[in-house]
Amino acid sequence: MNKNFYKFLILLNINIFMQFNIFSQNVLNICDFNNDVITININDFFYRTIKYDSVICEHKGLDSLNQKPDTLFIDSNLISIKKPSFLNIINDTPAFYYSMLYCTIQIFYNGNNIFYKDSVLTAGSYYLDKKYNILLIPLIIDQNIDDLFTTTILYYCDLNNYDIKFIVNNLSNSSSAITACNGEKIIFNSSDKLYVFDLKTYKYYKIVEFDNPFIRIYKIDIIDNYIVLYYINNYPDDLLNYPSMLNIAKIPIN
């Protein structure tokens, strides 16, 4: 190998180290918010692809008011029921119309009705923190007909006392959230940005931007020392071309 190639390898390794090290410092400060927002390319942290159904558990789609309710078992004693509610038909021109079926989401815990919302399209991926008995509820309430971007509202439920908290609305292409910092923080995304919500101060802060407004994140997880993101790069094109596949990015915490 020539000297120029060795120099290239050294520069490449330095660049990769700097990207991982900067992000690690950023994530380590999630619990105290003493962090600066950084922009990275999520593909630099690409791990592998995986089948959508193997990691995402969600309600079945409904397209008729006559369909039976769909029951989703979040846990053995925690279920969500999705029922068709009303059909919204939009006429842009006399020759063109489209319809959206809105639903109700009802959640039962130990047989008790703890949550009910009408006029939603569906629920995203519920997250159950079994250690602290916390349920995060992302509800997809709208979808833009032009680019298919979705709008999500995020709720928090303390299953110990059935306390429901509204967290944030108008999240774009967001289907998931996760607790962190002993249940005191919530990590979620809106489009290509990751945020942390502080349940004590009721404020949220942007911590990372992926510089890709067409990304859609379907699930956020924390495994070992990584924040794991399940996503598609180019929404909705990748969804239409590869409907059963998701990318995985593993971003080191330390």
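Structure's up top.
Here's a quick rundown of the structure.

The rules behind these values
- In this convention, every chain numbers its residues from 1, walking through the sequence in written order.
- Local features in a predicted model are, by the rule used here, given only for residues with pLDDT of at least 70; side-chain atom pairs are given and counted only at 80 or more, and totals for whole chains, interfaces and linings are based on all residues.
- Excluding hydrogens and water, the side-chain values take into account all heavy atoms of the structure.
- Every helix listed is a DSSP run of H or I at least four residues long, and every strand listed is a run of E at least two residues long, numbered separately from the N terminus.
- Throughout, exposure labels follow a simple rule: accessible area from a 1.4 Å probe, protein chains only, divided by the maximum for the residue type, with under 20% read as buried, over 50% as exposed, and the rest as partly exposed.
- Residue contacts are counted whenever heavy atoms from the two residues lie within 4.5 Å of one another.
- Every accessible area reported is derived by Shrake-Rupley at a probe size of 1.4 Å, with residue values counting cover from the shown protein chains alone.
- Two strands make a pair as long as DSSP finds a minimum of two bridges between them.
- Angles shown run from 0 to 180 degrees and are taken between the N-to-C directions of axes, each axis being a line fitted to C-alpha atoms and, for helices, limited to the stretch in contact.
- Salt bridge, as used here, is a side-chain nitrogen of Lys or Arg placed within 4 Å of a carboxyl oxygen of Asp or Glu.
- We call Phe, Tyr and Trp rings a pair once their centres come within 6.5 Å, taking the six-membered ring for Trp, and we label the pair stacked below 30 degrees between planes, edge-to-face above 60, and tilted otherwise.
- By definition here, charges over rings are those cases where NZ of Lys or CZ of Arg is within 6 Å of the ring centre and within 35 degrees of the ring normal.

**Here's the deal with the overall build of the protein chain**
Okay, step 1: Scanning the protein chain for helices and strands turns up three helices and 18 strands.
Okay, step 2: The proportion of buried residues among the 254 residues of the protein chain is 48%.
Okay, step 3: For the protein chain, contacts bridging at least 24 residues in sequence account for 44% of all contacts bridging at least 6.
Okay, step 4: For the protein chain, the accessible surface area stands at approximately 13500 Å², while carbon and sulfur atoms represent 51% of it.

**Structural notes on the sheet that holds strand β17 (residues 226–232)**
Okay, step 1: Here we have four strands laid out as an open sheet, ordered β2-β18-β17-β16, and antiparallel in their pairing. Because the sheet does not close on itself, it has two edges, and the strands there are β2 (46–51) and β16 (216–223). Mean inter-strand twist for the sheet, computed between neighbouring axes without regard to direction, equals 25°.
Okay, step 2: As judged from the five bridges shared by β2 and strand β18 (residues 245–252), these two strands associate in the antiparallel manner. Bridge pairing in β18 links K51 to M245.

**Points about the sheet that holds strand β1 (residues 38–39)**
Okay, step 1: If you walk across this open sheet you meet the five strands as β1-β15-β14-β13-β12, and the pairing is mixed. On the outer flanks of this sheet lie β1 and β12 (177–180), each paired with one strand and no other.
Okay, step 2: Summarising the sheet, β12 and strand β13 (residues 185–190) pair through four bridges and their orientation is antiparallel. Residue pairing in the sheet places A177 in a bridge with F188 of β13.

**Focus: the pattern of salt bridges**
Okay, step 1: Following the criterion strictly, the structure yields seven salt bridges and no others.
Okay, step 2: One salt bridge connects D192 with K193, and the closest N-O pair in it is separated by 3.0 Å.
Okay, step 3: Of the residues examined, D192 reaches a relative accessible area of 3% and is grouped as buried.
Okay, step 4: Sharing partners across several salt bridges, the network here consists of D192, K193, K206 and E209.

**Let's talk about the environment of T151**
Okay, step 1: Position of T151 relative to the elements: it lies in strand β10 (residues 150–158).
Okay, step 2: The class for T151 is partly exposed, based on a relative accessible area of 22%.
Okay, step 3: Along the primary structure T151 and L171 are separated by 20 residues, whereas in three dimensions their C-alpha atoms are 5.4 Å apart.
Okay, step 4: For T151, the contacting residues outside a window of four places in its chain are L139, I140, I141, D142, N170 and L171.

**Focus on the packing of aromatic side chains**
Okay, step 1: Here the structure, examined in full by the defined rule, presents twelve aromatic pairs.
Okay, step 2: Ring centres 6.3 Å apart and planes at 80° place the aromatic pair F149 and F214 in the edge-to-face group. With F149 in the loop between β9 (134–143) and β10 and F214 in the loop between β15 (203–209) and β16, this pair connects stretches of sequence that are 65 residues apart.
Okay, step 3: Since its relative accessible area comes to 44%, F214 is described here as partly exposed.
Okay, step 4: Between Y195 and Y204 the ring centres are 5.6 Å apart and the planes differ by 80°, which places this aromatic pair in the edge-to-face class.
Okay, step 5: Its guanidinium or amino end placed over the ring of Y47, K250 lies 4.5 Å from that ring's centre, counting from NZ or CZ.
Okay, step 6: Just above the ring of Y226 sits the side chain of K250; from NZ or CZ to the centre is 4.7 Å.

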